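Letter by letter, the chains look like this.
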Amino acid sequence: MKLVNIGFGNMVSAERIIAMVSPESAPIKRMIQDVREKGMLIDASFGRSTKAVLIMDSGNVILSALATDVLAARISNKNEEGAANG
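Residues numbered from 1 in each chain as written. Predicted model: local features only at pLDDT ≥ 70, side-chain atom pairs only at ≥ 80, totals over all residues. Heavy atoms only, no water.

S.K.: Break down a nonpolar patch on the surface for me, citing the residues and quoting the values.
M.R.: Together, Met 1, Leu 3 and Met 11 line one region of the surface with nonpolar side chains, adding up to about 340 Å² of accessible area. With respect to the helices, strands and loops of the structure, Met 11 is situated in strand 2 (residues 10–13). (Patch = residues over 30% accessible without salt bridge, like charges linked within 9 Å, V, L, I, M, F, W, Y side chains within 5 Å. Areas by Shrake-Rupley, 256 points an atom, 1.4 Å probe, with all protein chains shown as cover. Salt bridge = Lys/Arg side-chain N within 4 Å of Asp/Glu carboxyl O. Helix = DSSP H or I, 4+ residues; strand = E, 2+ residues; numbered from the N terminus.)

So, in structure tokens, the structure goes:
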């Protein structure tokens, strides 16, 4: 299992991420509100502005204060390290 730091010491499993999207669009905002009402939202932004929304295979949605390009770079670095280590 490869863990990715999504900011402020919070880690998620890279294999469980289905999508990383920007929070600006109206459909994503509606999805966040729906998931919040169901109790499946995890806010890992620590009160800062949300810059990335991670959609997990468990149905949970995670909010991060790190941008999607930063998270993508961290995930790709983890994948390269895992391939190098066998």
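Let's pick the thread back up.
S.K.: I'd like a description of the side chain of Ser 45, backed by residues and values.
M.R.: With respect to the helices and strands, the residue Ser 45 is situated in the loop between strand 4 (41–43) and strand 5 (52–56). Once residues lying within four places of it in the same chain are set aside, the contact partners of Ser 45 are Phe 8, Thr 50, Leu 63, Ser 64 and Ala 65. (Contact = heavy atoms within 4.5 Å.)

S.K.: Lay out the nonpolar core with the relevant residues and their values.
M.R.: Membership of the largest hydrophobic core is limited to 12 residues, which are Val 4, Ile 6, Val 12, Ala 14, Ile 17, Ala 44, Ala 52, Leu 54, Met 56, Ile 62, Leu 71 and Ile 75. Leaving out residues up to four positions away in the same chain, Val 12 has contacts with Lys 2, Leu 3, Val 4, Ile 6, Ile 17, Leu 54, Met 56 and Ile 62. With seven residues, the next largest nonpolar core counts Ile 28, Val 35, Leu 41 and Val 61 among its residues. (Core = buried A, V, L, I, M, F, W, Y, C linked by side-chain atoms within 4.5 Å. Buried < 20%, exposed > 50% of the residue type's maximum accessible area, 1.4 Å probe, protein only.)

S.K.: Tell me about the packing of aromatic side chains, residues and numbers included.
M.R.: Here the structure, examined in full by the defined rule, presents one aromatic pair. Where Phe 8 meets Phe 46, the ring centres are 5.1 Å apart and the plane angle is 40°; that geometry is what we call tilted. Taken together, the residues span a long stretch of sequence, with Phe 8 in the loop between strand 1 (3–7) and strand 2 and Phe 46 in the loop between strand 4 and strand 5 at a distance of 38 residues. (Phe/Tyr/Trp six-rings, centres within 6.5 Å; stacked < 30°, edge-to-face > 60°.)

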